[in-house]
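One letter stands for each residue in the lines below.
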Amino acid sequence: MGESIYHNITTPLASTELLEKFYAGQVLEKNTTNYLYQLMVECSRGLTWMKAGLPEGTELVHRTGISDRNENDLRAAMNDVGIFKLPNGNHIVLSVYLKDITEEREVTEKNYCRHNQIYLELLYEKINIYPMRK
């Protein structure tokens, strides 16, 4: 496997820009956009990633990606990109790319989930949708 696990790459910024254009209907025909959007809403992978702990009224349209490990026992990538539709009608695009992961997948998922929850709590407080902390 070696370095070949690094050949299929992009950047978080490129993914975020693409999702913004996708959400605005600037990438595909309308019926294709609607179909892909629905597939991404129904994505059953990554339930412990971005989707974990979503506040009520928040929809996530996302897609995950995870690589195998190389000969040095590094996981080349674990990614989740998505569009959060907020209760106030606004949206936020987020692309999270992890690289060269040494810990077990379960540990990475737990950390991913916690960081996502902290991010969403701070975001919701900043835009005053409603407080998440009691």
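Quick notes on the rules
- Once a new chain begins, its residue numbering starts again from 1 and follows that chain's sequence as written.
- Under the rules for a predicted model, residues below a pLDDT of 70 receive no local features and side-chain atom pairs below 80 are neither given nor counted, while totals for whole chains, interfaces and linings still include all residues.
- Side-chain metrics rest on all non-hydrogen atoms present in the structure, leaving aside hydrogens and water.
- In DSSP terms, a helix is any run of H or I states spanning at least four residues, a strand is any run of E spanning at least two, and both are numbered starting from the N terminus.
- Each residue is placed in one exposure class: buried if its accessible area under a 1.4 Å probe, protein chains only, is under 20% of its type's maximum, exposed if it is over 50%, and partly exposed if it falls in between.
- Residue contacts are defined here by distance: any two heavy atoms, one from each residue, within 4.5 Å place the two residues in contact.
- The method behind every accessible area is Shrake-Rupley, applied with a 1.4 Å probe, and residues are considered shielded solely by the protein chains displayed.
- The quantity known as pLDDT measures the predictor's confidence residue by residue, on a range of 0 to 100.
- Salt bridge criterion: a side-chain nitrogen from Lys or Arg within 4 Å of a carboxyl oxygen from Asp or Glu.
- By definition, two strands form a pair when at least two bridges between them are found by DSSP.
- Angular values range over 0 to 180 degrees, each being the angle between N-to-C directions of two axes fitted as lines to C-alpha atoms, with helices fitted over their stretch in contact.

1. Digging into the overall build of the protein
Along the protein, the regular secondary structure elements total three helices and three strands. When the 134 residues of the protein are sorted by exposure, 38% land in the buried category. A fraction of 53% describes how many contacts in the protein between residues 6 or more apart in sequence connect residues 24 or more apart. Total accessible area computed for the protein in this model is approximately 8,400 Å², and 53% of it derives from carbon and sulfur atoms.

2. As for unusual backbone geometry
Positioned with a positive phi, Asp73 is a non-glycine residue whose angle comes to about 65 degrees. Within the secondary structure, Asp73 sits in the loop between strand S1 (59-66) and strand S2 (75-85). Since its relative accessible area comes to 42%, Asp73 is described here as partly exposed. Notably, Asp100 is not glycine yet its phi reads approximately 55 degrees, a positive angle. Note that Asp100 resides in strand S3 (residues 91-101). A residue is classified by how much of its surface remains accessible, and Asp100, at 33% relative accessible area, is partly exposed.

3. Quick word on the confidence of the model for the protein
Scored by pLDDT, the protein has a mean of 82; 87% of the residues are at 70 or more. Per-element mean pLDDT across the protein ranges from 78 in helix H3 (residues 105-126) up to 95 in helix H2 (residues 30-41).

4. Observations regarding the pattern of salt bridges
A complete count under the given rule lists three salt bridges for this structure. When the shortest N-O distance is used, the salt bridge between Asp73 and Arg69 registers 3.8 Å. By relative accessible area, which is 18% here, Arg69 ends up buried. Between Arg105 and Glu109 there is a salt bridge, with the nearest N and O atoms lying 2.9 Å from each other. Taken as a pair, Arg105 and Glu109 lie in helix H3 at a separation of four residues, close to a single helical turn.

5. Things to note about the sheet that holds S2
For sheets, the rule is that strands pair by backbone hydrogen bonds, running either parallel or antiparallel. With antiparallel pairing, three strands are arranged side by side in an open sheet as S1-S2-S3. Looking along the sheet, the strands with just one partner apiece sit at the ends: S1 and S3. Direction aside, neighbouring strands of the sheet carry axes that sit 10 degrees apart on average. Across eight bridges, S1 lies against S2 in antiparallel orientation. Bridge pairing links Thr64 to Asp80 in S2. In the packing of helix H1 (residues 12-23) onto the sheet, contacts are made with S2 and S3, and the angle to S3 comes to roughly 150 degrees.

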